[in-house]
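# Structure at a glance
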Amino acid sequence: MKILDNQSNSSLVSVILAVKNGEKYLSSAIESVLQQDYRNYELILIDGNSKDRTEAIARSYQLRYVRQQGTGIADAYNLGINEARGEHIAFISHDDRWTPDKLSTQLSYLQQHPELEFCVALVKFFLEPGADLPAGFRPELLTGEHAGFIMETLMARREVFATVGSFNCDYHVAEDVDWYSRAKDAKIAHEVVRQVLLHKRVHSQNTSLTSSVNNQNLLKILRQSIARKRNR
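Keep in mind that what you see is a predicted model, and the values were worked out from it rather than measured.

Right, let's talk about the overall build of the protein chain for a bit. For the protein chain, the count of helices and strands is 8 helices and 9 strands. When each of the 232 residues of the protein chain is scored for burial, the buried share is 51%. In the protein chain, the share of contacts with a sequence separation of at least 24, taken over all contacts with a separation of at least 6, comes to 78%.

Laid out in structure tokens, this is it:
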């Protein structure tokens, strides 16, 4: 996909990186943002009161460091959105890596399709060397490319968060599933960019894969979606 021309006059993209005790992988994630071929972005790191070297690592880079006062990933996302100054918003986890054309590809796609409110992309999963496969992870996902309705593939126009609403802080996991479900039920126009823009690391600390309450949350989200459709 064509890289945007005259980037200095193009849309500012706010990149939100929420992290807690992420010293092992944080530098790799930050570097993947700094290596983007689209340069008009701000990187906002939301630190959930880390006890390791996360803050020191973050402050060694040129980014906006914000210490989270609340708790949970949903609260961190909401804080990042409130701090964001960009017309478009994207998210990255501390243990994942973007391809260098992630921002340029998705921003170009949204500009070419003004009817869309957000887009996601394809993702490749990879198992961290030496790590065991988490019990909740499907091994077949390690092969091939997959459409990723997850936060790390999302690029959205800022106003979509006013339409869909903020992230539900009642969910400590599956908060992204809930947000995408509400967006779908609200018939928010979106598309999948058929290009791998995210390499997602699989390891034992993936909260969404190891949390015992994840399935309970997914069932609750499904019930809420059914109720929304009935109340239309």
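As a further point, take the packing of aromatic side chains. Aromatic ring pairs: the centre-centre distance and the angle between the two ring planes describe each pair. The full count for this structure, using the stated rule, is 11 aromatic pairs. Note on phenylalanine 161 and phenylalanine 167: the rings are 6.3 Å apart at their centroids and 40° apart in plane angle, and the pair reads as tilted. Residue phenylalanine 161 is classed as buried on the basis of its relative accessible area of 7%. Connected via pairs of aromatic rings, a cluster forms that spans Tyr77, Phe91, Phe118, Phe149, Phe161, Phe167, Trp179 and Tyr180.

Let's shift gears to unusual backbone geometry. Positive phi outside glycine occurs at asparagine 49, with the angle close to 55°. Counting through the fold element by element, asparagine 49 comes out in the loop between β2 (41-47) and α2 (54-59). For lysine 187, which is not glycine, the phi dihedral falls at a positive 60°.

Another aspect to go through is the pairing of strand β9 (residues 190-202). For a regular strand, the rule is simple: side chains alternate between the two faces of the sheet. Looking at chain direction, strand β5 (residues 97-98) and β9 are connected through 2 bridges and run antiparallel. Opposite arginine 97, over in β9, you have histidine 199 as the bridge partner. Direction of pairing for strand β6 (residues 118-127) relative to β9: parallel, over a ladder of 10 bridges. What sits directly across from phenylalanine 118, in β9, is histidine 190.

Before going further, it helps to examine the nonpolar core. Within the largest apolar cluster, 37 residues are counted, with the highest numbers of intra-cluster contacts made by Val13, Val15, Leu17, Leu45 and Leu103. Contact partners of valine 15, with chain neighbours within four places excluded, come to Val33, Tyr41, Glu42, Leu43, Ile44, Ala90, Ile92, Trp98 and Leu103. Grouped together as the second largest cluster of nonpolar side chains are 28 residues, Val120, Leu122, Ala156 and Trp179 included.

For leucine 122, the location among the structural elements is in strand β6. The buried category is assigned to leucine 122, whose relative accessible area is 8%. Remark: the alpha-carbon pair of leucine 122 and glutamine 195, spanning 73 residues in sequence, is separated by 5.4 Å.

Reading the values: the criteria
- Residues numbered from 1 in each chain as written.
- Predicted model: local features only at pLDDT ≥ 70, side-chain atom pairs only at ≥ 80, totals over all residues.
- Heavy atoms only, no water.
- Helix = DSSP H or I, 4+ residues; strand = E, 2+ residues; numbered from the N terminus.
- Buried < 20%, exposed > 50% of the residue type's maximum accessible area, 1.4 Å probe, protein only.
- Contact = heavy atoms within 4.5 Å.
- Phe/Tyr/Trp six-rings, centres within 6.5 Å; stacked < 30°, edge-to-face > 60°.
- Pairing = 2+ DSSP bridges.
- Core = buried A, V, L, I, M, F, W, Y, C linked by side-chain atoms within 4.5 Å.

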